[in-house]
Amino acid sequence: MEQLSNPDIYLQWLEQAIAWISANVLLVPILIQIAACLLATIPAFLLRGRLASLLARLQNWKPLLPYAGFRRFALVLPSLAFPLIFVIAIWLLDAIAIQAGYRHNIIRLVASLLNAWIVIRLAAAIVNDPVWSRTIATVAWTLAALNIVGWLEPSIAILDGHAIEFGEFRISIYGIIKAVLSLAVLLWVASFASRLFEQRIRKVHHLTPSVQVLMAKLLKLVLLSIAVLFALSTMGVDLTALAVFGGAVGVGIGFGLQRIFANLISGVILLLDRSIKPGDVIAIGDTFGWIQSLGARYTAVRTRDGTEFLIPNEDLITNQVENWSHSDVKLRLKVPVGISYNCDPHLAIRLCNEAAAKCARVQDNPGPNTLMRGFGDNSVDLEIRFWINDPQNGRGNIISEVLLNVWDAFIEHNIEIPFPQRDLHLRSSDEPIRVEMTQSPSSKRS
């Protein structure tokens, strides 16, 4: 405590700091590098406005607007105009210093800090997951710190020195880390590119929905496969050796997962022959609805009550499927109606046609047609037939609307809809029919 209260100790510390700065900072090579970095801010300051306006145009690029990650990326880019130009100028100065043989430790320090800061800003904008965002920030600052203190290349050499060799194949810790990072980045790029191409493919209207889905799935598979192969190549894996290994593994997987592969192949067949496509109204077994999407393993069918069934593709190939909109979306519905024998069937037929024609979904060409189907036990059996061109909107609701119109028309014109009835015929005989009425004991007491 006495030393802290002594003002001489502070003077001594100040003298030591000045001496360290004079010996390590106030040197001609260091001052030249600092001056060069300060001069690099001039073009960055002058060009930042023009670059920011160019980067701001990406915010209105329609093909990428549906992706939330890109929107966040485009919004943060204009604010990075100054550091982007600054870091480019710094790296140019670093290259010049290396070629001229001058010291460039301060320039490399500034470049490393700028790189880490830009990467963290972009990662925070693109990656919405906080865990991944913190991971990327940690990796970026760690690499920057190792580069600043000069430990980056020795650390890489140490990690690359710990390796396991299998003949000519060598696996090191550094190779695994590089492969994992490369795979993560390439998979993200492949996934983003596949979504982008899928959006573009869906806008090509002359392609059928089945072909659009098939092209999108195949493109995604190709991009992901390329990403995996590039990641393996970064580890030094000989890709030609994977051919024999892949063939052996493929045979084993084919036997063990034959049902899964059957669904995959069935999905490709469904997309190629275009027997079903998104939006079709189908009935398979007890399931009736319209196709929401065609997946690699299953087809999603949504019913009118909101339930979504995931039907394996193999079932759609091997079982009988009713496709109400395969080649034509027009669909004829039949609604049975019964009238009393005391009513005029000609009038009833005209009223049924008029009632069906009042519905907006019923087609005018061909228009509704009501036929007499027969003489039933209790009624004269009629059948209303009409066409619709939107089966995906359901059939129960349009049938209900037609029947309500028929009900109103029958009530207005006194057309009777009979109840079930039976006629009892008694054979005549010589003996009279005896009718007896009895009273219960409870009614006697009352």
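A brief report on the enclosed structure follows. (Residues numbered from 1 in each chain as written. Predicted model: local features only at pLDDT ≥ 70, side-chain atom pairs only at ≥ 80, totals over all residues. Heavy atoms only, no water.)

Let us now look at the sheet that holds strand 8 (residues 331-339). Across a sheet, paired strands are connected by hydrogen bonds in the backbone, their directions being either parallel or antiparallel. Taking strand neighbours across the sheet as the criterion, the 3 strands line up as 8-10-9 in an open arrangement whose pairing is antiparallel. Single-partner strands in this sheet number two, and they are strand 8 and strand 9 (369-375). Averaged over all neighbouring strand pairs, the angle between strand axes comes to 25°, with direction disregarded. Direction of pairing for strand 8 relative to strand 10 (residues 380-388): antiparallel, over a ladder of 9 bridges. Bridge pairing in strand 10 links Gly338 to Asp381. (Pairing = 2+ DSSP bridges. Helix = DSSP H or I, 4+ residues; strand = E, 2+ residues; numbered from the N terminus. Axes fitted to C-alpha atoms, helices over the stretch in contact; angles between N-to-C directions.)

Strand order in the open sheet formed by 5 strands is 6-5-4-3-7, with antiparallel pairing between adjacent strands. Each having just a single partner strand, strand 6 (308-312) and strand 7 (322-323) make up the two edges of the open sheet. Alignment of strand 3 (residues 281-284) against strand 7, held across 2 bridges, turns out to be antiparallel. What sits directly across from Ile282, in strand 7, is Asn323.

This part takes up the layout of surface pockets. Taken as a whole, the second largest pocket encloses approximately 440 Å³ of empty space. Taken together, 15 residues form the lining of the second largest pocket, with Lys217, Leu218, Leu221, Leu264 and Ala296 sitting closest to its centre. Looking at the lining of the second largest pocket, the elements that each hand over two or more residues are helix 9 (209-234) and helix 11 (258-273). The class makeup of the residues in the lining of the second largest pocket is 11 nonpolar, 2 polar and 2 charged. (1 Å grid on protein atoms, 1.4 Å probe; cavity = no way out; pocket = protein on both sides within 12 Å on 5 of 7 lines; lining within 4 Å. Points joined across faces, edges and corners; volume = space filled by probe spheres on them. Nonpolar A, V, L, I, M, F, W, Y, C, P; charged D, E, K, R; others polar.)

Let's shift gears to the packing of aromatic side chains. Counted under the stated rule, the structure contains 2 aromatic pairs. Ring geometry for Tyr341 against Phe375: centres 6.4 Å apart, planes inclined by 20°, an arrangement best described as stacked. Separated by 34 residues along the polypeptide, Tyr341 in the loop between strand 8 and helix 13 (345-357) and Phe375 in strand 9 bring together distant segments of the chain. Exposure remark for Tyr341: the relative accessible area of 43% places this residue in the partly exposed category. (Phe/Tyr/Trp six-rings, centres within 6.5 Å; stacked < 30°, edge-to-face > 60°. Buried < 20%, exposed > 50% of the residue type's maximum accessible area, 1.4 Å probe, protein only.)

Here we take up the pattern of salt bridges. This structure, assessed with the given rule, holds 5 salt bridges. Between Arg302 and Glu308 there is a salt bridge, with its nearest N and O atoms 3.5 Å apart. For Arg302, a relative accessible area of 30% translates into the label partly exposed. A salt bridge links Arg385 to Glu383, with the shortest nitrogen-to-oxygen separation between them at 2.8 Å. You'll find Arg385 and Glu383 in the same group, each marked buried. Residues participating in the shared-partner salt-bridge network are Arg373, Glu383 and Arg385. (Salt bridge = Lys/Arg side-chain N within 4 Å of Asp/Glu carboxyl O.)

Pairing geometry for strand 4 (residues 287-294) and strand 5 (residues 298-302), over 4 bridges, is antiparallel. Residue pairing in the sheet places Ser293 in a bridge with Ala300 of strand 5. Between strand 4 and strand 5, which pair antiparallel and follow one another directly, the connecting turn spans 3 residues.

Don't take any of this as a statement about function, it's just geometry.
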